[in-house]
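Summary of structural features
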Amino acid sequence: MHENLVIVESPAKAKTIEKFLGKDFIVTASMGHIRDLEKKNFGIDLEHDYKPIYVVSPDKKKVVATLKKYAKEAKTVWLASDEDREGEAIAWHLKEVLKLDPARTKRIVFHEITKSAILDAIKNPRTIDINLVNAQQARRVLDRIVGFEVSPVLWKKVKPSLSAGRVQSVTVRLIVEREREIMKFESKSFFRVIAVFYISDDQGNLSELNAELNRRFDKKEEVLAFLEKCRNAEFSIEKKVTRPSKRSPSTPFTTSTLQQEAGRKLGYSVSQTMSIAQHLYEQGNITYMRTDSVNLSSLAINTAKDAIIKMYGEKYSKSRQYKTKTKGAQEAHEAIRPTHMDQPEVEGSNYEKRLYDLIWKRAVASQMADARLEKTTISIKVSGIPELFQSTGEVIIFDGFMKVYMESSENGEDSVTKGLLPPVKVGQKVTSKSILGTEYFSQKPPRYSESSLVKKMEEQEIGRPSTYAPTITTIQNRGYVVKEDREGEERKYVQYTCKEGEITQKINTRIYGAERSKLFPTDIGMVVNDFLVKYFSKIMDYDFTANVEVDLDGVAEGKKQWTKLIDEFYRPFHHDVEQALEMSEHTNGEKKLGVDPVSGKNVFVRVGRFGPLAQIGDREDENNKPRYASLRTGQRIESITLEEALDLFKFPRELGEYEGKKVTVAIGRFGPYVRHDNKFVSLEKDVDDPSSVLLDRAIELIEAKRDKDRQALIKTFEEDPEMRILNGRWGPYLKVGKKNVRIPKETDAKTLSFEDCKKLAESVITTKGKKKPVTKKASAKEPAAKKITVKKTAAKKKSSKTKKLAKSKTTVKNTKSKS
């Protein structure tokens, strides 16, 4: 029997904590949550105060058995999961499942994994905070209700296999609405006028000064008229203004600001940032990484002060305590900071080192002095014209915190200052080297990157720090949103130059609207969003989502009963679900584009089983079946034109013959491809255009595919041409017809005979037959059959899930009658 058992969530965290505790402690991991709401049914007992029905997941049964054994042998069990609501719930589930004796069970929390923090937590244990547990349960139950009740409506009314979520659907709405803003946006041209002037000093030395006119022109005629006035004009210094300014450091990182800055500076996705931060925390390098507080402990402030004075000198130090402005933020928690402020570097992967460096610099800079700058503005007068040319320069007098860290802007660039301006005197004459009037185009609203989406979610109070990363990951995994790069559009622009009294014109080109790692809604994402906004306006309302977070904060603080919160939501929500099932029509985003001039039939675009497609003809026409063509990458239901849709039906294109057989190019479910001899070769993305690719290029692709296949081929057999040994991604394998058979690692694939391969294939088939007396073909059909069943039962309201909903409906009515 051992004295103490400490249970944490992960092996990495256990390993770090174990170093700080003596031999009387055993530290083990629960591997996250050990149980969750049951998945097969609703998982919530609607008839008994929304009681959650928890089950231990199959993959955790062995873990639970081990924990029970350890807990039985220990005198004291210490529950040391994270200090947030999720961590508190994990501790509670452990207590419940392991049936721990309250008299010998203690809850400890800490926001950093250091020896002093762990030992201090051991000295100051507490009981499980049931209010935090209930807040987590309320969130889980609320999300399950929304997902389980709305998703079947989407299966019936939009498309099978879709899903909805309380937070994820609202997040998709943000992206869809931004996309529609962009679609409606009309770009307008305008002209900026920038001049280069020669400035002469007392010794006659010339220097150049760039300055921009303090007015922009809408029409080229206005620019030409202005340049005409400048041809013989005189230029002089109107005024020079110098003002001191200062910059203060940013606050230490919260979860949100860390995700944003890591995306801008390091190019990390939000999920990647949180995964790396989790490792840094578990290794004892940083404080807890899920927080909305910018508060720093007095110990952290003092150690930062010592480190700054030692590294940079006393004039760089300025202790600061920041106040969190976010609603519901817990000031008892800390901002994300290094556990050791005097440690600029840590061991680990390159990803971990870079993120730690960012966290260290931000935390240290937050305790440094302001930067002092001097900003100078020079105004240049043009004779006979009221407008002024202006030039601004900024110089650093004292760098302060900027010696360590500067925050990035959304485009990923650090905020930089302009340099010194040449010395000038008011009234001094200057000469123009050149004056350029350049055409620009107004920019559409920017699409969200993951970083800017996190910022928007925080502003709208959609979710909490722990939910940002999983929400953004989920909407991409569900196919409602894609993150990708898109090429910009090349646009011509005009530039007028006034130089040495002459005005010239030049036409140039510039790329506009290029996107890098931006979030785009898919067609199905837009269709689902529109359906939910129409029939479930309450859960799609930004204010409702924010108010739910406030209510959950109230539960965590013990001010609100969680079951009452669920009840207030569920009654009207369930009514909306029933209304949507009964009143709404099936939708697929169908849009009529016009009429095909050849056949005279209507042309539509809509979401089909395998994605967005164009259609010629009506589905109701029994005599003439419609023709279909998949939309190409980048084409959207909302923006595609009739001409673009008709172009899709020009496929398959016949390119000619190769080796006596036809070569065609077509567009399929997975993109454009070349077909030859009943074999398919994909066109290269961003290289080949299916509408213009030629036979020579198609042959090149065919031969390249053959070379690749030859390299993959290890051995063939004359006895059976369909039996081959191939080299795959995971090593050699046997292919028999359409079936793949794994070859044991210890076997040399090249030495296998036909008989060896035959036995290997037969042994696999025999083994599978014992386990499951169903053919592979039949089993492959099962998921589809299951989906059809779900759909039918959803329609008839006779599935187990729908019975639950029907039961709950009765319950609600009965409760109403009682009240």
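Below is a short write-up of the structure. This structure is a prediction, so every number in the text was calculated from the model and none was measured. (Residues numbered from 1 in each chain as written. Predicted model: local features only at pLDDT ≥ 70, side-chain atom pairs only at ≥ 80, totals over all residues. Heavy atoms only, no water.)

**Quick notes on the packing of helix H12 (residues 450–460) against helix H13 (residues 465–477)**
To keep it simple, the criterion reads: Here an axis means a line fitted to C-alpha atoms, over the contact stretch when the element is a helix, while the angle between two N-to-C directions is reported on a 0 to 180 degree scale. Comment: elements are numbered from the N terminus, with helices defined as DSSP H or I runs of at least four residues and strands as E runs of at least two. The cut-offs work like this: below 35 degrees is roughly parallel, past 145 is roughly antiparallel, 65 to 115 is roughly perpendicular, and the gaps in between are oblique. Two helices that cross are described as forming a left-handed crossing if the nearer one is turned anticlockwise from the farther one by less than a right angle, and a right-handed crossing if clockwise. The contact criterion used throughout is that any non-hydrogen atoms of two residues lie within 4.5 Å.
Close contact between H12 and H13 brings their axes to 11 Å; oriented N to C, the two are set at 120°. Taken together, the axes of H12 and H13 lie oblique to each other. Helix-helix and strand crossings are classified by hand; for H12 and H13 the assignment is right-handed. The residues of H13 that touch H12, namely those facing Glu450, Leu453, Val454, Met457 and Glu458, are Tyr468, Thr471, Ile472 and Gln476.

**Points about the sheet that holds strand E8 (residues 105–107)**
What counts, and what does not: Pairing between strands is defined by DSSP: at least two bridges between the two strands are required.
On the basis of which strands lie adjacent, the open sheet formed by four strands has the order E2-E1-E7-E8 and parallel pairing. One side of each edge strand has no neighbouring strand; the edge strands of this open sheet are strand E2 (25–29) and E8. Between one strand axis and the next, the sheet turns by 25° as a mean value, whatever way the strands run. Both strand E1 (residues 2–8) and strand E7 (residues 74–79) contribute to a ladder of five bridges, which runs parallel. Bridging across to E7, histidine 2 finds its partner in alanine 74.

**Let's talk about the nonpolar core**
Test applied: What we call a nonpolar core is a set of buried Ala, Val, Leu, Ile, Met, Phe, Trp, Tyr and Cys residues that are connected through their side-chain atoms within 4.5 Å. We call a residue buried when its accessible area falls under 20% of the maximum for its residue type, exposed when it is over 50%, and partly exposed in between, using a 1.4 Å probe and counting protein chains only.
Judged by nonpolar contacts, the single largest core of 140 residues is most densely connected at Phe110, Leu355, Phe536 and Phe573. Those residues in contact with phenylalanine 110 that sit more than four places away from it in its chain are Lys13, Ile17, Ala80, Glu83, Ala117, Ile118, Ala121 and Tyr281. Counting 27 residues, the second largest nonpolar core, distinct from the first, contains Val193, Ala195, Leu213 and Ile378.

**Some words on the side chain of threonine 339**
Quick note on the threshold: Nitrogen and oxygen atoms within 3.5 Å of one another constitute a polar contact, given that in protein one can donate a hydrogen and the other can accept it, and given that sequence-neighbouring residues count only through two side-chain atoms.
Topologically, threonine 339 is positioned in the loop between helix H10 (298–312) and helix H11 (350–365). Classification of threonine 339 as buried rests on a relative accessible area of 11%. Among the polar contacts listed, one links the side chain of threonine 339 to the backbone oxygen of glycine 284, at a separation of 2.8 Å. Setting aside its immediate chain neighbours within four residues, threonine 339 contacts Glu112, Thr114, Gly284, Asn285, Ile286 and Thr287.

**A word on the packing of helix H5 (residues 130–157) against helix H15 (residues 542–556)**
Axis angle and axis distance: for two packed helices, these are the angle between their axes and the distance between the axes, and together they describe the pair. To keep things clear, this is the line we draw: When residues are grouped by polarity, Ala, Val, Leu, Ile, Met, Phe, Trp, Tyr, Cys and Pro land in nonpolar, Asp, Glu, Lys and Arg in charged, and all others, Gly among them, in polar.
For the pair H5 and H15, the least separation of the axes is 7 Å and the interaxial angle reads 150°. Put simply, H5 runs roughly antiparallel to H15. Counted together, Asn131, Leu132, Asn134, Ala135, Ala138, Arg139 and Leu142 of H5 and Val548, Glu549, Leu552, Val555 and Ala556 of H15 form the full contact between these two elements. Grouping the amino acids of the contact of H5 with H15 by side-chain chemistry returns eight nonpolar, two polar and two charged.

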